Amino acid sequence: LGWACWKTYVSRPEDSNTIRTCAIGVLAHGLGDAGRHEERLQIQQTQFSTQMRLGLSEQELLATRCNIAVCLEELGRDEEALALRRECYATSKRLNVANPGDLYIDVLNLSKSLLDTHRHTEARSFLREQLPKARRALGPA
């Protein structure tokens, strides 16, 4: 289905056309669902390059980079995923997103990457620092 979606819209002019941008995302997710993560990574890197060339918002670029980090984790490239997760967290924090829950998704993803790379002490310290902030931003559980 992803390939069909992409083939339908690939011939359209390259601009910030959301249909074409969404089509490449559908293709990437379809490849991921099929376990074809190497191909998915190539598609997502192309998607990111295209988004940068088209001048899409940092928020849209951030979402793609987070998807690339997930793909790197699926490929067992945990160190690369960690570096990207650090960048995603820093960008999310800098953007001061309207929904604080989005920032804390990046906090949890970074924490998971720290654990995956056996940086338990850093993960513990990071989460202890973030927990009071999350309680203030999100309210009590």
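Quick summary incoming for the structure in this document. (Residues numbered from 1 in each chain as written. Predicted model: local features only at pLDDT ≥ 70, side-chain atom pairs only at ≥ 80, totals over all residues. Heavy atoms only, no water.)

### Here we look at the pattern of salt bridges
Inclusion rule: A carboxyl oxygen of Asp or Glu within 4 Å of a side-chain nitrogen of Lys or Arg is what we treat as a salt bridge. The numbering of helices and of strands both runs from the N terminus, where a helix is a DSSP run of H or I of at least 4 residues and a strand a run of E of at least 2. When a residue's accessible area, from a 1.4 Å probe over protein chains only, is under 20% of the maximum for its type it is buried; when over 50% it is exposed; and in between it is partly exposed.
For the structure shown, the criterion picks out nine salt bridges. For Glu58, the salt bridge goes to Arg94, with nearest N and O atoms at 2.5 Å. Placement of the pair is Glu58 in helix α4 (residues 58-74) and Arg94 in helix α5 (residues 78-95), with a sequence separation of 36 residues. Classification of Glu58 as partly exposed rests on a relative accessible area of 37%. For Arg94, a relative accessible area of 51% gives the class exposed. Taking the shortest distance from any N to any O, the salt bridge between Asp116 and Lys112 comes out at 2.6 Å. Remark: Lys112 and Asp116 occur in helix α6 (residues 100-116); sequence separation between them is four residues, near one turn of the helix.

### Remarks on unusual backbone geometry
Glycine aside, residues mostly have negative phi, and peptide bonds are mostly found in the trans state. Even without glycine at this site, His118 takes up a positive phi of about 65°. Within the secondary structure, His118 is located in the loop between α6 and α7 (120-138). A residue is classified by how much of its surface remains accessible, and His118, at 63% relative accessible area, is exposed.

### Here we look at the packing of aromatic side chains
How we decide: Note on aromatic contacts: the rings of Phe and Tyr and the six-membered ring of Trp form a pair at centre separations within 6.5 Å, being stacked when their planes are under 30 degrees apart, edge-to-face when over 60 apart, and tilted otherwise.
Following the criterion strictly, the structure yields one aromatic pair and no others. With 5.3 Å between their ring centres and 90° between their planes, Tyr89 and Phe126 make a pair best called edge-to-face. With a gap of 37 residues between them, Tyr89 in helix α5 and Phe126 in helix α7 connect regions that are remote in the sequence. Among the residues examined, Tyr89 registers a relative accessible area of 9% and is labelled buried. Relative accessible area serves as the criterion here: at 12%, Phe126 is assigned to the buried category.

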